[in-house]
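# Coordinates in review
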Amino acid sequence: MVRFENVGLRYGLGPEVLRDLNFAIPAHSFQFLTGPSGAGKTSLLKLLFLSLRPTRGLVNLFGHDVSLLNKDQIADLRKRIGIVLQDFRLLDHMTTYENVALPFRVIGKEESSYRKEVIDLLKWVGLGERMDALPPILSGGEKQRAAIARAVISRPHLLLADEPTGNVDPTLGRRLLRLFIELNKSGTAVVIATHDMALMDQYDARRLVLHQGRLHVYE
Amino acid sequence: MSTNRTDQPLGPLVDLGRDRSQMPARARNMSPIVPRGSISGTALVAVVAIMTFLASITTGAVLLVSASAAEWQSEVASEITLQVRPVAGRDLDRDAAAVTEAVRAQAGIVEVRPFTREESAKLLEPWLGSGLSLDELPVPRVLVARVQPGTDLNLDALRRRVTQVAPNASVDDHRAWIERMRSMSGATVIAGIGILALVIVATVISVSFATRGAMAANRPIVEVLHFVGAGDRYIANRFLRHFLRLGLEGGVIGGGIAMLVFGFSESIAGWFSGTPVGDQFAALLGTFSLRLSGYLILAVQAVAIAAITAWASRRTLFATLNEIE
C-alpha cells in the first residue's frame, strides 16, 4: 500500500531531517510510529499524507509514484487517507457534527446517507452531547476526539494519527485505541505516531522507530 | 480510483449497544463551507459599484453622442445647399429662379426653398449685425433642397443641370461636414472603449486583490478542505459563489445608479436650459435621454462586470490554491 525507497527529506538548505527511509506499510496493517521529540515523526506523517514531497527517493502510495501526481490526483488519493494532526485543524465556524461530516460533504454525499453514522461515532467518542458545539468552546480533549472522528468517519484505506491520545485521560485513550483497532480490523491500515509507551504497551503491533532521521522497523 | 471504503457494504463502525439514544439528534449540516462573514465584501461591492457606474456613464455618453451624431448626419445628408453668387452682368434673382426650377426638375428632390433677401440677411446677422442692406454687399443667394429619404441622388447630373442654367451657381452636399461628424463620433466611441477597457482592468486588479485577501483570511479552511480530500475545483467553487454575489451586488448598485442618472437627466438638463452650458450640452447630446435599447445595454454591461468579477476571482483562486498544500 505504501512503499518508501531511499527517501530523504530536508527543509530548505538545512540538514536532512529524514534520511534513507526504506519501509513499507502493508494493507490492513497496524503500526506505531515512535521516537523522541524532534525525531521527524510529524514530517514522516506529512510525507505519507502528501503534504510534503521528499527531496530524494521514491514514495509509492496506493501504487502511484507520488512525484508524478498532479494536484487533482493528490486530492483523489487523500480521500483514501484519514489524518489526525496534533493541532486538530477543526473548522471553527462549523459544529462538531459538521466538522466530522465534512469528508462526506466534500464528496457530495447525501446527508441522509451518513447522518446516523456520524451521530453514532460522535456518541462513541463521547461527544454525543457536544454535536452542536463549535470548536472554540470545546476542550482540548474534545477537539482531539472530534478530529479523530473526522479522520475515521469515511473509513479510509490508511489512517495517520499524530499523538491521538495526547490530550485525553487514560480511560478515553484506551477507548480511542479500541476505535483504531476496530477500524484496522475492518481493513484500514493504521499508523499512530506517539511517544506514549503506555499506549503502545496496550496493543501488540509493529513499531516504526525514528532515531536521528533514520527509521528502524520492529515487527 | 476508489475513494474510501464506505462505498462497500460494511457493518457499523461503532456499536453503541445500550448507549444508543432513542432521541433523534438535531445536528445537521447548516453552516456554509466558507462562512460569508469571512470575506470582507463591503469594500469589493463598493469598488465594483463605482467601476460599474463609471462604465455605465461612459457607455451612456457614447450612446448619446453616437445617436446625436447619427441624427445630425441624417438631417444634414437629407439636404443639399445651393449658392448662386452675384456676378457682374447677370441678374441674381433670375438666376436663383432658374436654379430653383432646375433643381425641382431633378429626380429625388422633394422640396426646394430659396432663401429670400431678408432671410439671407438674417443668416449674416450674427457676423455683420442687424439693419444690414444687402444691396451694398455681393451676398450670394442660398437655396435649400430636401432630398427624398433613401434616394441615391445623382449629384453630378444635378451639378451639370444647375451650372447649365447658372454658371455662377454651386451645389454643396455637406460631405465635408458629414465626414467631420463621422470622425468626431468615431473618436468619441474610441475614447469610450478606452475608458471601458481601463475600468475593466481596474476592476480585475481590485477583484484579484480582494480574492487574495479572502484566501489569506481563509487559508486554514482551505488547508482543512485539502486534508479531507477536497480538490481545488470544489474549494474554488465554494469561494466563487461569494464573489459572484458580491460582483452582482456591485453591478446592480453601480448600474442602477447610472440608469437613474440617465433617467433623471432630462429633468437635470431642463434645469440648465437657457444657460450657455445647457445650450452647449443640448447641441452636443440632443435630448440627453437614453433610448430603451441604451438601458438594456447598461443592464447587460452591469451583468458583464459581475461576470468579469467572478472570472477574475476564479483565476486568482486557482493561482492561490496552487500555493496552498
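Just so we're clear, the structure is a prediction, and the values are computed from it rather than from any experiment. (Residues numbered from 1 in each chain as written. Chains lettered and ligands numbered in written order. Predicted model: local features only at pLDDT ≥ 70, side-chain atom pairs only at ≥ 80, totals over all residues.)

Along chain B, the regular secondary structure elements total 10 helices and four strands. Listing every helix and strand of chain B by position from the N terminus yields α-β-α-β-α-β-α-β-α-α-α-α-α-α. The proportion of buried residues among the 325 residues of chain B is 29%. In chain B, once contacts between residues fewer than 6 apart in sequence are set aside, the share between residues at least 24 apart is 85%. (Helix = DSSP H or I, 4+ residues; strand = E, 2+ residues; numbered from the N terminus. Buried ≥ 20, exposed ≤ 12 C-beta atoms within 10 Å, placed from the backbone. Contact = placed C-beta atoms within 7 Å.)

Secondary structure assignment for chain A yields seven helices and 10 strands. In chain A, buried positions account for 46% of the 219 residues. Long-range pairs, those at least 24 residues apart, make up 70% of the contacts in chain A with a sequence separation of at least 6.

What follows deals with the confidence of the model for chain B. When pLDDT is averaged along chain B, the result is 80, and 87% of the positions lie at 70 or above. Across the whole predicted complex the pTM is 0.69, and at the interface the ipTM reaches 0.85. (pLDDT = per-residue confidence, 0-100.)

Turning to the sheet that holds strand 8 (residues 189–193) of chain A, a few remarks are in order. All names here are of chain A. Judged by pairing direction, the sheet is mixed, and its six strands sit side by side in the order 6-7-8-3-9-10 without closing on themselves. In the strand order of this sheet, the two ends are held by strand 6 (81–84) and strand 10 (214–218), each with one partner. When strand polarity is set aside, the average angle formed by the axes of neighbouring strands in this sheet is 15°. For strand 7 (residues 158–162) and strand 8, the ladder comprises five bridges, and the chain directions are parallel. Bridge pairing in strand 8 places Ala161 opposite Ile192. The sheet contacts of helix 5 (residues 140–152) involve strand 6 and strand 7, and relative to strand 6 the element is tilted by about 175°. (Pairing = 2+ DSSP bridges. Axes fitted to C-alpha atoms, helices over the stretch in contact; angles between N-to-C directions.)

Residues and elements named next belong to chain A. Taken in spatial order, the four strands line up as 2-1-4-5 in an open sheet, and their pairing is antiparallel. Edge positions in the sheet fall to strand 2 (16–25) and strand 5 (64–65), since each has one partner strand and no second. Note: strand 1 (residues 2–10) against strand 2, six bridges, orientation antiparallel. Bridging from a neighbouring strand, Arg10 pairs with Glu16 of strand 2.

Residue and element names in this part refer to chain A. Running from N to C, helix 3 (residues 96–106) and helix 4 (residues 111–124) point in directions that differ by 130°, and their axes come no closer than 10 Å. On the basis of the axis angle, helix 3 is oblique to helix 4. The way helix 3 lies across helix 4 gives a crossing that is right-handed. Side by side, helix 3 and helix 4 meet where Thr96, Tyr97, Val100, Ala101 and Phe104 of the first sit next to Tyr114, Val118, Leu121 and Leu122 of the second. Of the residues in the contact of helix 3 with helix 4, the class split is eight nonpolar, one polar and no charged. (Parallel < 35°, antiparallel > 145°, perpendicular 65-115°, else oblique. Left-handed = near helix turned anticlockwise from the far one by under 90°. Nonpolar A, V, L, I, M, F, W, Y, C, P; charged D, E, K, R; others polar.)

Moving on, we get to the nonpolar core. Judged by nonpolar contacts, the single largest core of 113 residues is most densely connected at Val100, Leu122, Ile148, Ala149, Leu159, Leu160 and Val191 of chain A. It is helix 1 (residues 41–77) of chain B that provides the largest number of residues to this core, a total of 13 residues. Leave out the neighbours within four places in its chain, and Ile148 of chain A touches Val84, Val125, Ala161, Pro164 and Leu176 of chain A. Ile80, Val103, Leu158 and Ala169 of chain B belong to the second-largest nonpolar core, a separate cluster that totals 15 residues. (Core = buried A, V, L, I, M, F, W, Y, C linked by C-beta atoms within 7 Å.)

Another aspect to go through is the packing of helix 2 (residues 92–104) of chain B against helix 4 (residues 155–165) of chain B. What describes two packed helices is the angle between their axes and the distance between those same axes. Residues and elements named next belong to chain B. Where helix 2 contacts helix 4, the two axes come as close as 9 Å, and the packing angle between them is 155°. Judged by the angle between their axes, helix 2 and helix 4 are roughly antiparallel. In the packing of helix 2 onto helix 4, the handedness of the crossing is right-handed. Contacts between helix 2 and helix 4 pair Ala98, Val99, Ala102 and Val103 from the former with Leu158, Arg161, Val162 and Val165 from the latter. Class assignment for the residues of the contact of helix 2 with helix 4 results in seven nonpolar, no polar and one charged.

Here we take up unusual backbone geometry. Residues and elements named next belong to chain A. Of note, Asn6 is a non-glycine position whose phi angle comes to about 50°, a positive value. In this structure, Phe88 takes a positive phi of about 65° despite not being glycine. Within the fold, Phe88 resides in the loop between strand 6 and helix 3. Taking the number of C-beta atoms within 10 Å as the measure of exposure, Phe88 has 20 and is therefore buried.

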